[in-house]
Amino acid sequence: KQWYQRRVRGNWPELEKFAKSRKSPIGYGPFVKECIAGNNKAEAIKYIERVSKEEQVEFFIDLDMPERAAEIAKSAKSIELLDSVLNAIGPNNRVLSETINSFKNVI
């Protein structure tokens, strides 16, 4: 597993090629984290769909994409995940806060 963890560090084309070559025994969370750490949003998004809904919400929040995080939380029908998005955006984003609260009312 350590070999795989070291392997996700590197250049982006090599990372993508490695991810497509086989199923990762360490999951795809480390791929997303490495892309976020490297400030490569587009590359991170490629791997986010391969992780759990909970991780997707967390990663979209980390990528400053709370609207997408809210959509994932809604599709997971999770009030807890919606609350985590609300906590992340704070009180200043009223429109998204209202949208999230309407999602919670539907669940």
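Up top you'll find the structure we're talking about.
Residues numbered from 1 in each chain as written. Predicted model: local features only at pLDDT ≥ 70, side-chain atom pairs only at ≥ 80, totals over all residues. Heavy atoms only, no water.

Peer 1: Whenever I open this one, helix H7 (residues 79-89) confuses me. Can you help?
Peer 2: The periodicity of an α-helix, 3.6 residues per turn, causes residues three or four places apart in sequence to face the same way. The complete set of buried residues in H7 reads Leu81, Leu82, Val85, Leu86 and Ile89. Along the axis of H7, the buried residues cluster in a sector spanning 145 degrees; they form a single face. Opposite its buried face, H7 presents the exposed residues Glu80 and Asn87, each directed more than 90 degrees away. Gly90 sits one or two positions beyond H7 and adopts a positive phi of about 75 degrees. (Buried < 20%, exposed > 50% of the residue type's maximum accessible area, 1.4 Å probe, protein only. Helix = DSSP H or I, 4+ residues; strand = E, 2+ residues; numbered from the N terminus. Arc of directions from axis to C-beta.)

Peer 1: It is not clear to me how the pattern of salt bridges should be interpreted in this structure. Could you clarify?
Peer 2: Enumeration over the complete set of coordinates arrives at 2 salt bridges. Note that Glu43 is salt-bridged to Lys46, the shortest N-O span being 3.2 Å. Remark: Lys46 and Glu43 occur in helix H4 (residues 41-48); sequence separation between them is 3 residues, near one turn of the helix. Lys104 serves as the salt-bridge partner of Asp83, at 2.5 Å between the closest nitrogen and oxygen. Placement of Asp83 in helix H7 and of Lys104 in helix H8 (residues 94-106) is noted, with a sequence separation of 21 residues between them. (Salt bridge = Lys/Arg side-chain N within 4 Å of Asp/Glu carboxyl O.)

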